[in-house]
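Take a look at the letters that make up each chain.
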Amino acid sequence: MSEPKRSGFVAIVGRPNVGKSTLLNHILGVKLSITSRKPQTTRHRLLGIHTQREVQLMFVDTPGMHALGEGSSSAINRYMNQQAIGVLSDVDMCLHVVDARGWRDADELVMNHLVSSSSLAICALNKVDRVEPKSKLLPVMKLASEKYPYEEIIPVSALKNDGLDILVEQICRRMPEGPHFYAEDEITDRPTRFLVAEMIREKVVRQLGDELPYRTTVAVESYREESKVTVIDAIIYVEKESQKGIVIGKAGKRLKSIGQSSRQSIENFLQNQVFLNIVVRVRRGWTNERLALAALGYR
(Lines give C-alpha, C1' and ligand atoms only; values in the text may rest on other atoms or scores of the structure.)
Protein backbone atom coordinates (compact mmCIF):
# COMPACT_ATOMS: atom_id res chain seq x y z
CA MET A 1 0.00 0.00 0.00
CA SER A 2 1.45 3.37 -1.03
CA GLU A 3 1.96 6.17 1.45
CA PRO A 4 -0.69 8.93 1.47
CA LYS A 5 0.28 12.20 -0.13
CA ARG A 6 1.18 15.06 2.18
CA SER A 7 1.65 18.75 1.54
CA GLY A 8 2.00 21.92 3.54
CA PHE A 9 3.27 25.48 3.71
CA VAL A 10 6.37 26.23 5.79
CA ALA A 11 7.34 29.83 6.61
CA ILE A 12 11.07 30.43 6.96
CA VAL A 13 11.36 33.20 9.55
CA GLY A 14 14.11 34.82 11.55
CA ARG A 15 15.98 38.03 12.19
CA PRO A 16 17.95 39.58 9.32
CA ASN A 17 21.09 37.88 8.04
CA VAL A 18 20.74 34.45 9.69
CA GLY A 19 20.83 32.57 6.36
CA LYS A 20 17.16 31.99 5.60
CA SER A 21 17.54 32.40 1.83
CA THR A 22 20.71 30.29 1.72
CA LEU A 23 18.84 27.58 3.62
CA LEU A 24 16.00 27.61 1.09
CA ASN A 25 18.38 27.52 -1.89
CA HIS A 26 20.26 24.51 -0.57
CA ILE A 27 17.09 22.59 0.28
CA LEU A 28 15.78 23.21 -3.25
CA GLY A 29 19.14 22.45 -4.86
CA VAL A 30 18.84 25.57 -7.02
CA LYS A 31 19.53 29.25 -6.37
CA LEU A 32 16.05 30.74 -6.22
CA SER A 33 16.30 33.36 -3.47
CA ILE A 34 18.97 36.05 -3.73
CA THR A 35 21.63 36.30 -1.04
CA SER A 36 24.29 38.67 0.25
CA ARG A 37 26.11 39.41 3.47
CA LYS A 38 24.03 42.56 3.93
CA PRO A 39 20.96 42.31 6.20
CA GLN A 40 17.48 42.67 4.68
CA THR A 41 18.53 41.55 1.20
CA THR A 42 15.24 39.64 0.99
CA ARG A 43 12.30 42.03 0.56
CA HIS A 44 9.44 39.85 -0.71
CA ARG A 45 7.84 36.61 0.27
CA LEU A 46 9.15 33.97 -2.11
CA LEU A 47 7.63 30.52 -2.53
CA GLY A 48 10.06 27.64 -3.02
CA ILE A 49 8.54 24.25 -3.84
CA HIS A 50 10.29 21.06 -2.75
CA THR A 51 8.70 17.75 -3.77
CA GLN A 52 10.16 14.65 -2.15
CA ARG A 53 8.35 11.42 -3.06
CA GLU A 54 4.88 11.66 -1.48
CA VAL A 55 5.48 14.95 0.33
CA GLN A 56 5.39 18.44 -1.16
CA LEU A 57 6.78 21.28 0.97
CA MET A 58 5.99 24.84 -0.01
CA PHE A 59 8.59 27.01 1.71
CA VAL A 60 7.84 30.71 2.11
CA ASP A 61 11.08 32.68 2.36
CA THR A 62 10.43 35.93 4.22
CA PRO A 63 12.35 39.16 4.93
CA GLY A 64 14.15 39.33 8.25
CA MET A 65 11.92 40.56 11.08
CA HIS A 66 13.26 43.66 12.79
CA ALA A 67 12.11 46.26 15.28
CA LEU A 68 10.71 49.41 13.70
CA GLY A 69 12.41 52.05 15.77
CA GLU A 70 13.35 55.61 14.95
CA GLY A 71 14.99 55.81 11.53
CA SER A 72 13.79 52.37 10.44
CA SER A 73 10.05 52.92 10.01
CA SER A 74 10.04 53.81 6.31
CA ALA A 75 7.30 52.37 4.11
CA ILE A 76 9.62 49.70 2.74
CA ASN A 77 10.70 48.63 6.24
CA ARG A 78 7.06 48.36 7.30
CA TYR A 79 6.35 46.41 4.11
CA MET A 80 9.13 43.89 4.82
CA ASN A 81 7.98 43.33 8.38
CA GLN A 82 4.39 42.84 7.22
CA GLN A 83 5.57 40.28 4.66
CA ALA A 84 7.24 38.25 7.41
CA ILE A 85 4.68 38.60 10.20
CA GLY A 86 1.59 38.27 8.01
CA VAL A 87 2.48 34.78 6.81
CA LEU A 88 2.61 33.18 10.28
CA SER A 89 -1.11 32.48 10.56
CA ASP A 90 -1.36 31.16 6.99
CA VAL A 91 1.11 28.26 7.14
CA ASP A 92 1.21 24.75 8.55
CA MET A 93 4.59 25.22 10.20
CA CYS A 94 7.23 27.86 10.90
CA LEU A 95 10.93 27.21 10.52
CA HIS A 96 12.63 29.65 12.88
CA VAL A 97 16.24 30.14 11.77
CA VAL A 98 18.62 31.26 14.51
CA ASP A 99 22.37 31.91 14.27
CA ALA A 100 23.99 29.07 16.22
CA ARG A 101 26.57 31.46 17.64
CA GLY A 102 24.05 32.94 20.03
CA TRP A 103 20.47 34.03 20.76
CA ARG A 104 19.94 37.78 20.35
CA ASP A 105 17.23 40.33 21.17
CA ALA A 106 16.12 40.24 17.53
CA ASP A 107 15.52 36.47 17.86
CA GLU A 108 13.32 37.30 20.84
CA LEU A 109 11.23 39.57 18.59
CA VAL A 110 10.64 36.71 16.13
CA MET A 111 9.84 34.30 18.95
CA ASN A 112 7.25 36.74 20.36
CA HIS A 113 5.45 36.70 17.01
CA LEU A 114 5.50 32.89 17.09
CA VAL A 115 3.91 33.04 20.54
CA SER A 116 1.21 35.44 19.30
CA SER A 117 0.33 33.13 16.41
CA SER A 118 0.70 29.87 18.41
CA SER A 119 2.62 28.49 15.45
CA LEU A 120 3.85 24.93 15.17
CA ALA A 121 7.59 25.51 14.79
CA ILE A 122 10.99 23.89 14.35
CA CYS A 123 14.14 25.81 15.27
CA ALA A 124 17.09 25.51 12.86
CA LEU A 125 20.35 26.57 14.51
CA ASN A 126 22.22 27.67 11.40
CA LYS A 127 25.92 28.33 10.77
CA VAL A 128 27.13 25.53 13.06
CA ASP A 129 30.24 25.34 10.85
CA ARG A 130 31.29 28.60 12.52
CA VAL A 131 30.94 27.25 16.06
CA GLU A 132 34.02 25.72 17.71
CA PRO A 133 34.09 23.73 19.86
CA LYS A 134 30.69 22.17 19.13
CA SER A 135 29.98 21.97 22.85
CA LYS A 136 29.16 25.70 22.61
CA LEU A 137 25.94 24.68 20.83
CA LEU A 138 24.51 23.07 23.97
CA PRO A 139 23.70 26.27 25.93
CA VAL A 140 22.17 27.85 22.80
CA MET A 141 19.98 24.77 22.28
CA LYS A 142 18.98 24.79 25.95
CA LEU A 143 18.08 28.48 25.81
CA ALA A 144 16.02 28.01 22.64
CA SER A 145 14.12 25.12 24.26
CA GLU A 146 13.24 27.39 27.17
CA LYS A 147 12.06 30.20 24.88
CA TYR A 148 9.43 28.31 22.86
CA PRO A 149 7.96 24.78 22.63
CA TYR A 150 9.68 23.95 19.34
CA GLU A 151 8.90 20.55 17.87
CA GLU A 152 12.63 20.06 17.27
CA ILE A 153 15.83 22.08 17.59
CA ILE A 154 18.16 21.01 14.79
CA PRO A 155 21.75 22.25 14.26
CA VAL A 156 22.47 22.84 10.56
CA SER A 157 24.86 24.55 8.22
CA ALA A 158 22.95 25.72 5.16
CA LEU A 159 26.16 26.75 3.41
CA LYS A 160 27.77 23.33 3.93
CA ASN A 161 24.57 21.29 3.38
CA ASP A 162 25.04 19.85 6.85
CA GLY A 163 21.95 18.60 8.69
CA LEU A 164 19.49 19.70 6.00
CA ASP A 165 18.36 16.14 5.24
CA ILE A 166 17.42 15.66 8.91
CA LEU A 167 15.68 19.04 8.96
CA VAL A 168 13.61 18.27 5.85
CA GLU A 169 12.72 14.81 7.18
CA GLN A 170 11.42 16.28 10.43
CA ILE A 171 9.33 18.85 8.56
CA CYS A 172 7.92 16.20 6.19
CA ARG A 173 6.81 14.05 9.13
CA ARG A 174 4.63 16.88 10.42
CA MET A 175 2.85 17.86 7.20
CA PRO A 176 -0.87 17.11 6.94
CA GLU A 177 -2.27 14.63 4.44
CA GLY A 178 -3.45 16.32 1.27
CA PRO A 179 -2.92 16.65 -2.48
CA HIS A 180 0.10 18.30 -4.05
CA PHE A 181 -0.56 21.81 -5.32
CA TYR A 182 2.21 21.98 -7.92
CA ALA A 183 3.78 19.73 -10.54
CA GLU A 184 6.82 17.75 -9.41
CA ASP A 185 9.24 19.84 -11.49
CA GLU A 186 7.96 23.26 -10.36
CA ILE A 187 10.17 25.21 -7.94
CA THR A 188 8.27 28.50 -7.51
CA ASP A 189 5.06 30.32 -8.41
CA ARG A 190 6.89 33.56 -9.20
CA PRO A 191 7.15 34.69 -12.86
CA THR A 192 10.54 34.67 -14.56
CA ARG A 193 10.53 38.47 -14.84
CA PHE A 194 10.40 38.77 -11.05
CA LEU A 195 13.29 36.30 -10.61
CA VAL A 196 15.37 38.14 -13.22
CA ALA A 197 14.82 41.49 -11.46
CA GLU A 198 15.89 39.91 -8.17
CA MET A 199 19.07 38.49 -9.75
CA ILE A 200 20.02 41.96 -10.91
CA ARG A 201 19.20 43.47 -7.50
CA GLU A 202 21.46 40.88 -5.88
CA LYS A 203 24.42 42.19 -7.91
CA VAL A 204 23.52 45.77 -6.98
CA VAL A 205 23.43 44.87 -3.29
CA ARG A 206 26.73 43.01 -3.46
CA GLN A 207 28.64 45.67 -5.39
CA LEU A 208 27.49 48.84 -3.60
CA GLY A 209 28.25 50.14 -0.11
CA ASP A 210 26.39 49.55 3.11
CA GLU A 211 23.66 52.18 2.78
CA LEU A 212 22.90 52.64 -0.92
CA PRO A 213 21.50 49.14 -1.64
CA TYR A 214 18.53 49.93 0.61
CA ARG A 215 17.71 52.91 -1.62
CA THR A 216 17.71 50.88 -4.84
CA THR A 217 15.29 48.49 -6.50
CA VAL A 218 15.07 46.84 -9.91
CA ALA A 219 12.22 46.48 -12.39
CA VAL A 220 12.21 44.51 -15.65
CA GLU A 221 10.68 46.80 -18.27
CA SER A 222 10.58 44.25 -21.11
CA TYR A 223 11.34 40.55 -21.51
CA ARG A 224 11.36 38.97 -24.98
CA GLU A 225 12.26 35.41 -25.87
CA GLU A 226 13.61 35.42 -29.41
CA SER A 227 14.89 32.46 -31.45
CA LYS A 228 18.42 32.28 -30.02
CA VAL A 229 18.51 34.95 -27.33
CA THR A 230 16.41 36.37 -24.50
CA VAL A 231 16.32 40.18 -24.64
CA ILE A 232 15.83 41.94 -21.30
CA ASP A 233 15.52 45.65 -20.56
CA ALA A 234 15.81 46.50 -16.87
CA ILE A 235 15.80 49.64 -14.73
CA ILE A 236 17.69 50.22 -11.51
CA TYR A 237 15.77 52.84 -9.50
CA VAL A 238 17.46 55.11 -6.95
CA GLU A 239 16.12 57.97 -4.85
CA LYS A 240 18.59 60.76 -5.65
CA GLU A 241 20.59 62.02 -8.60
CA SER A 242 23.82 61.60 -6.60
CA GLN A 243 22.98 57.91 -6.05
CA LYS A 244 22.58 57.45 -9.79
CA GLY A 245 26.19 58.45 -10.32
CA ILE A 246 27.35 55.97 -7.67
CA VAL A 247 25.52 53.09 -9.34
CA ILE A 248 26.86 54.00 -12.78
CA GLY A 249 30.40 54.54 -11.51
CA LYS A 250 33.33 56.25 -13.17
CA ALA A 251 33.03 55.98 -16.95
CA GLY A 252 30.13 53.53 -16.39
CA LYS A 253 32.42 50.84 -14.95
CA ARG A 254 30.24 49.82 -11.99
CA LEU A 255 27.06 49.56 -14.06
CA LYS A 256 28.96 47.52 -16.64
CA SER A 257 30.18 45.17 -13.90
CA ILE A 258 26.66 44.82 -12.48
CA GLY A 259 25.37 44.07 -15.97
CA GLN A 260 28.03 41.46 -16.74
CA SER A 261 27.59 39.52 -13.49
CA SER A 262 23.79 39.77 -13.77
CA ARG A 263 23.82 38.44 -17.33
CA GLN A 264 25.91 35.44 -16.28
CA SER A 265 23.51 34.56 -13.47
CA ILE A 266 20.45 34.97 -15.71
CA GLU A 267 22.00 32.85 -18.47
CA ASN A 268 22.79 30.10 -15.96
CA PHE A 269 19.20 30.20 -14.72
CA LEU A 270 17.51 30.36 -18.14
CA GLN A 271 20.03 28.10 -19.87
CA ASN A 272 19.93 30.49 -22.80
CA GLN A 273 21.94 33.38 -24.23
CA VAL A 274 20.84 36.74 -22.83
CA PHE A 275 21.10 40.31 -24.12
CA LEU A 276 20.72 42.52 -21.07
CA ASN A 277 20.32 46.29 -21.14
CA ILE A 278 20.25 48.13 -17.80
CA VAL A 279 19.60 51.82 -17.21
CA VAL A 280 19.54 53.80 -13.96
CA ARG A 281 16.71 56.19 -13.16
CA VAL A 282 15.81 58.44 -10.24
CA ARG A 283 12.46 57.97 -8.50
CA ARG A 284 12.52 60.31 -5.56
CA GLY A 285 11.37 59.02 -2.17
CA TRP A 286 10.23 55.64 -3.50
CA THR A 287 11.20 53.81 -0.27
CA ASN A 288 8.77 55.87 1.78
CA GLU A 289 5.76 56.20 -0.53
CA ARG A 290 3.12 53.48 -0.45
CA LEU A 291 1.92 54.09 -4.01
CA ALA A 292 5.47 54.18 -5.37
CA LEU A 293 6.23 50.90 -3.62
CA ALA A 294 3.10 49.29 -5.09
CA ALA A 295 4.02 50.51 -8.58
CA LEU A 296 7.45 48.90 -8.21
CA GLY A 297 6.00 45.53 -7.19
CA TYR A 298 5.91 45.87 -3.40
CA ARG A 299 2.31 44.86 -2.89
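Everything numeric here is computed off the predicted structure, so don't read it as measured data. (Residues numbered from 1 in each chain as written. Predicted model: local features only at pLDDT ≥ 70, side-chain atom pairs only at ≥ 80, totals over all residues. Heavy atoms only, no water.)

Take the nonpolar core next. If you look at the biggest cluster of nonpolar residues, it comprises 50 residues, and the most contacted ones within it are Leu23, Leu95, Leu167, Ile171 and Ile236. With 7 residues, helix α6 (residues 192–207) is the single largest residue contributor to this core. Setting aside anything within four residues of it in sequence, one finds Leu95 in contact with Val10, Ala11, Ile12, Val13, Leu23, Ile122, Ala124, Leu167 and Ile171. Ala11, Trp103, Cys123 and Ala144 belong to the second largest nonpolar core, which has 29 residues in total. (Core = buried A, V, L, I, M, F, W, Y, C linked by side-chain atoms within 4.5 Å. Buried < 20%, exposed > 50% of the residue type's maximum accessible area, 1.4 Å probe, protein only. Helix = DSSP H or I, 4+ residues; strand = E, 2+ residues; numbered from the N terminus. Contact = heavy atoms within 4.5 Å.)

Moving on, we get to helix α1 (residues 20–28). Along α1, 7 of the 9 residues are buried, which leaves the element largely enclosed by surrounding structure. Those residues of α1 that sit buried are Lys20, Ser21, Leu23, Leu24, Asn25, Ile27 and Leu28. Taken together, the buried residues of α1 touch β1 (6–13), β2 (46–52), β3 (55–61), β4 (93–99) and α5 (164–173). Looking one or two places after α1, you find Gly29, whose phi comes out positive at around 75°.

By the definition in use, this model includes 2 aromatic pairs. Pairing Phe9 with Phe181 gives two aromatic rings, centres 5.9 Å apart and planes at 55°, and the pair type is tilted. With Phe9 in strand β1 and Phe181 in the loop between α5 and α6, this pair connects stretches of sequence that are 172 residues apart. Judged by relative accessible area, which is 26%, Phe9 ranks as partly exposed. Residue placement shows Arg190 over the ring face of Phe194; its charged tip is 4.0 Å from the ring centre. (Phe/Tyr/Trp six-rings, centres within 6.5 Å; stacked < 30°, edge-to-face > 60°. Lys NZ or Arg CZ within 6 Å of the ring centre and 35° of its normal.)

This part covers the pattern of salt bridges. Taken as a whole, this structure holds 17 salt bridges when the rule is applied. Across the pair Lys127 and Asp99 runs a salt bridge, and its minimum N-O distance is 4.0 Å. Taken together, the residues span a long stretch of sequence, with Lys127 in the loop between β5 (121–126) and α4 (137–147) and Asp99 in strand β4 at a distance of 28 residues. Judged by its relative accessible area of 14%, Lys127 falls in the buried class. Three or more residues are tied together by salt bridges with common partners; here these are Lys31, Glu202, Lys203 and Arg206. (Salt bridge = Lys/Arg side-chain N within 4 Å of Asp/Glu carboxyl O.)

Here the bond from Glu132 into Pro133 is cis, since omega is -10°, no more than 30 degrees from zero. Tracing the chain through its elements places Pro133 in the loop between β5 and α4. One non-glycine residue, Asn161, lies in the positive phi region at around 60°. Here Asn161 shows up in the loop between β6 (153–155) and α5. Despite not being glycine, Gln271 has its phi angle at roughly 55°, a positive value. In this structure, Gln271 sits in the loop between α8 (253–270) and β9 (274–282).

The next subject is the pairing of β4. It is a general feature of regular strands that their side chains alternate between the two faces of the sheet. The buried count for β4 comes to 7 of 7 residues, which makes it a mostly enclosed element. Two elements, β1 and β4, share 4 bridges in a ladder whose sense is parallel. Its bridge partner being in β4, Val13 is matched across the sheet by His96. Taken together, β4, helix α3 (residues 105–117) and β5 constitute a β-α-β crossover, and its handedness is right-handed. (Pairing = 2+ DSSP bridges. Right-handed = clockwise from strand over helix to strand, strands pointing away.)

Quick look at the layout of surface pockets now. Of the volumes computed, that of the largest pocket is approximately 670 Å³. Contributing to the lining of the largest pocket are 31 residues, with Asn17, Gly19, Thr22, Thr35 and Ser36 lying nearest its centre. Ranked by residues supplied to the lining of the largest pocket, first place goes to α1 with 5 residues. Across the lining of the largest pocket, the residue classes break down as 7 nonpolar, 15 polar and 9 charged. (1 Å grid on protein atoms, 1.4 Å probe; cavity = no way out; pocket = protein on both sides within 12 Å on 5 of 7 lines; lining within 4 Å. Points joined across faces, edges and corners; volume = space filled by probe spheres on them. Nonpolar A, V, L, I, M, F, W, Y, C, P; charged D, E, K, R; others polar.)

Any functional reading would require information that these geometric values do not contain.
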